[in-house]
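Residues per chain, in single letters:
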Amino acid sequence: MAANYIESKIIDPTVAPELAVAGKVAARHAKRGVTPKYFIQTFGCQQNEADSERLAGLCEAMGYTRTSSPDDALLILVNTCAIREHAEKKALSIIGQYKHIKDANPDVVIGVGGCMVTQEARSTKLKMSYPYVSFTFDTGAIHKVPSLVLNALEKKSRQFVLSDNWTIAESLPIARESKHMAWLSIMYGCNNFCSYCIVPYVRGRERSRRADDIIEEAKQLIADGARDITLLGQNVNSYNGGDGCDIAELLHRIAALDGDFRLRFMTSHPKDASDRLIEAMATEEKIVKHFHLPVQSGSNEILKQMNRKYTAEAYLEKIAKLRAAVPDVSITSDIIVGFPGETEEDFEGTLRMLEAARYDMIFSFIYSPRNGTPAAKMENQVPHDVSTARFERLLATQNKISDERNRRFLGRKLRVLAEDVSKNDETMLTGRGDPVRPVHFAGGRELIGQFVDVEVTGVSTFCLEAKII
Ligand code: SF4
């Protein structure tokens, strides 16, 4: 296995003083007789959502309580994403909107963290052009937020942290968004350097948490009522927890814990989709039969230019193995359209990949160059109108396949976790089971957080309809 294992607890000597600082901030608020509020704006992926739950834990340790409105907050944290230029522009625009809050109340503290500010140029831009931002902190410095807040409160000076210190902050407090659905980060960073991707530069090299620490966290989550646990990592299936504990072993160990819960994992790289992992999914009842396996392109030339380290044929062999072991598995993928140099023939290779892999769903993107990545410097960038037209064809092809794939569930009995009230109809609940699409069914709020047996009565491209049985 790749040498990505770092002893956990390594940063505990750093976390402990930060928790003491959090206590100081809380005492400062208590002395003034105020109960300040915090607001966190999160952009990007599940890893950012998990990081924001840690930020929320730290805010609460500092004596702040959560608010859903930035106008009510005395501490505003923005957790940014850098995966696409659009995400950065959106974050900068939102940060711009917070100026009036700071103008109205100079005691408001505004901090910006995450992948965007882990790029020095962006951190500098915030320093120079956004004078009302009190501090920035990179993805390796979440645990330093209490010191940054205290500094902003007491010294009123600004700080811009670029620690470049990629390690693991264990034992940070976590304030989770949901009681019954939980993110469980098992590793951080990525070693793959896909030529279009900024992640290895803003999240550092792969480092895995110790398996025993993860198991302890899983036990606690289950005891606290979690029913759906997603193991998270940028390249989750290259997890290496030491002593031969790979992702398959870790899944077996968590699945063996007592309790009524389900396990998911994301995001996987095809080159690390091992037979052991497939076998774990096939044999462990608690693992949801859904495999997110991003292919990105169906053209071998483009895959080579992307530095993806597999061919379309090798990828389809993995899919065949997966379907042989788990016949009803739902498979999803990420696809990039319009990567530099993509010809019509390359794109048709991607369309053929959709037909061959028979995905239940795809997450598709038009290629967007990221400064600092090799692909951004490649010549022969594809004109936007060509990419857009291909994108439309991709969606039309996939929607037809998704429709056909969803139909297999019609009339089936499923066990789903009632997650929430439907966004479109207050009398309906939304749940998830093995199908990757949401399942809508009539039911009361008291069912939220419970497993419910339903029968599928209708299917469409984007969801399933069902009734409780
Ligand atoms: S595997 Fe590739 S696309 Fe995924 S995070 Fe790593 S570099 Fe980015």
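Residues numbered from 1 in each chain as written. Predicted model: local features only at pLDDT ≥ 70, side-chain atom pairs only at ≥ 80, totals over all residues. Heavy atoms only, no water.

**Thoughts on the site of the ligand**
In step 1: Every residue near the ligand is listed here: C190, N192, F193, C194, Y196, C197, V199, P200, H269 and R308.
In step 2: Its residues assigned to classes, the shell around the ligand shows 7 nonpolar, 2 polar and 1 charged. (Near = heavy atom within 4 Å. Nonpolar A, V, L, I, M, F, W, Y, C, P; charged D, E, K, R; others polar.)

**Examining the nonpolar core**
Across soluble globular proteins, you tend to see nonpolar side chains buried next to one another.
In step 1: Ranked by internal contacts, the top residues of the largest apolar core, which has 57 residues, are I186, L231, L250 and I254.
In step 2: The contact partners of I186, leaving out residues within four places of it in the chain, are S208, R209, I214, L231, L232, V236, Y239, I247 and L250. (Core = buried A, V, L, I, M, F, W, Y, C linked by side-chain atoms within 4.5 Å. Buried < 20%, exposed > 50% of the residue type's maximum accessible area, 1.4 Å probe, protein only. Contact = heavy atoms within 4.5 Å.)

**Focus: unusual backbone geometry**
In step 1: Looking along the chain, the bond that leaves M266 and enters T267 is cis, with omega of 5°.
In step 2: Secondary-structure assignment places T267 in the loop between β11 (262-266) and α10 (275-283).
In step 3: One non-glycine residue, S171, lies in positive phi territory at about 60°.
In step 4: With respect to the element layout, S171 can be found in the loop between β6 (159-161) and β7 (181-185).
In step 5: For D243, which is not glycine, the phi dihedral falls at a positive 50°.
In step 6: In this fold, D243 is placed in the loop between β10 (228-232) and α9 (247-255).
In step 7: The class for D243 is exposed, based on a relative accessible area of 88%. (Helix = DSSP H or I, 4+ residues; strand = E, 2+ residues; numbered from the N terminus.)

**Side note on the sheet that holds strand β15 (residues 413-421)**
In step 1: In spatial order, the strands read β15-β16-β17-β19-β18; together these 5 strands close into a barrel with mixed pairing. Taken over all neighbouring pairs, the strand axes of this sheet differ in orientation by 50° on average, direction set aside. (Pairing = 2+ DSSP bridges. Axes fitted to C-alpha atoms, helices over the stretch in contact; angles between N-to-C directions.)

**A closer look at the sheet that holds β11**
In step 1: Taken in spatial order, the 3 strands of this open sheet run β7-β10-β11, and their pairing is parallel. For this open sheet the edge positions go to β7 and β11, each flanked by a neighbour on one side alone. Averaged over neighbouring strand pairs, the angle between their axes works out to 25° when direction is ignored.
In step 2: Of the pairings in the sheet, the one linking β10 to β11 comprises 5 bridges and is parallel in character. Looking at β11, one finds that L231 is bridged to F265.
In step 3: Running at roughly 170° to β7, helix α8 (residues 211-223) makes contact with β7 and β10 of the sheet.

**Focus on the packing of aromatic side chains**
In step 1: The full count for this structure, using the stated rule, is 7 aromatic pairs.
In step 2: Considering the side-chain rings of F135 and F137, the 6.0 Å spacing of their centres and the 45° angle between planes classify their relative orientation as tilted. Of the two residues, F135 and F137, neither departs from the other in class, the shared state being buried.
In step 3: Judged by centre distance (5.2 Å) and plane angle (90°), the ring pair of F265 and F291 falls under edge-to-face. Of this pair, F265 sits in strand β11 while F291 sits in strand β12 (residues 290-292), and the two are 26 residues apart along the sequence. (Phe/Tyr/Trp six-rings, centres within 6.5 Å; stacked < 30°, edge-to-face > 60°.)

**Concerning the domain arrangement of the protein**
In step 1: We note that the domain assignment places domain 1 (12-161), domain 2 (181-407) and domain 3 (413-468) within the protein.
In step 2: Taking only C-alpha atoms into account, the centre of domain 1 sits 30 Å from that of domain 2.
In step 3: Counting residues at the interface gives 17 residues for domain 1 and 19 residues for domain 2.
In step 4: Together, Q46, Q47 and R84 form the three largest contributors to the area buried by domain 1 at its contact with domain 2, with a combined 38%.
In step 5: Seen at the junction of domain 1 and domain 2, the total is 2 salt bridges.
In step 6: The closest approach of N and O atoms between R203 and D51, which form a salt bridge, is 3.0 Å.
In step 7: Where domain 1 touches domain 2, the interface holds 9 residue pairs in polar contact (both at pLDDT 80 or more).
In step 8: Going through the elements one at a time, α2 (46-61) and α3 (85-97) are the ones with two or more residues in the side of domain 1 that touches domain 2. (Domains from an automatic or database assignment. Buried area = accessible area lost by both parts, 1.4 Å probe. Salt bridge = Lys/Arg side-chain N within 4 Å of Asp/Glu carboxyl O. Polar contact = N/O pair within 3.5 Å; in protein donor to acceptor, adjacent residues only side chain to side chain.)

**Let's talk about the environment of L92**
In step 1: For L92, the location among the structural elements is in helix α3.
In step 2: Residues L92 and A357, spaced 265 residues apart in sequence, show a C-alpha to C-alpha distance of 38 Å.
In step 3: In this structure L92 touches M116, R122, K125, L126 and Y130, once residues within four positions along its chain are discounted.

**Let's talk about the packing of α10 against helix α12 (residues 312-325)**
In step 1: Interaxial distance between α10 and α12 falls to 9 Å at its minimum, and their mutual angle equals 25°. The angle between α10 and α12 places the two elements in the roughly parallel class. When you trace α10 past α12, the crossing you get is right-handed. When α10 is examined against α12, the residues D275, I278, M281 and A282 are found in contact with a partner set consisting of K318, K321, L322 and A325.
In step 2: Here the contact of α10 with α12 is built from residues that sort into 5 nonpolar, no polar and 3 charged. (Parallel < 35°, antiparallel > 145°, perpendicular 65-115°, else oblique. Left-handed = near helix turned anticlockwise from the far one by under 90°.)

**Quick word on the pairing of β11**
In step 1: In terms of residue burial, β11 counts as a mostly covered element, since 5 of its 5 residues are buried.
In step 2: A two-sided burial pattern is seen for β11, the buried positions comprising R262, R264 and M266 on one face and L263 and F265 on the other.
In step 3: Following the chain from β10 across α9 to the adjacent parallel β11, one finds a crossover that is right-handed. (Right-handed = clockwise from strand over helix to strand, strands pointing away.)

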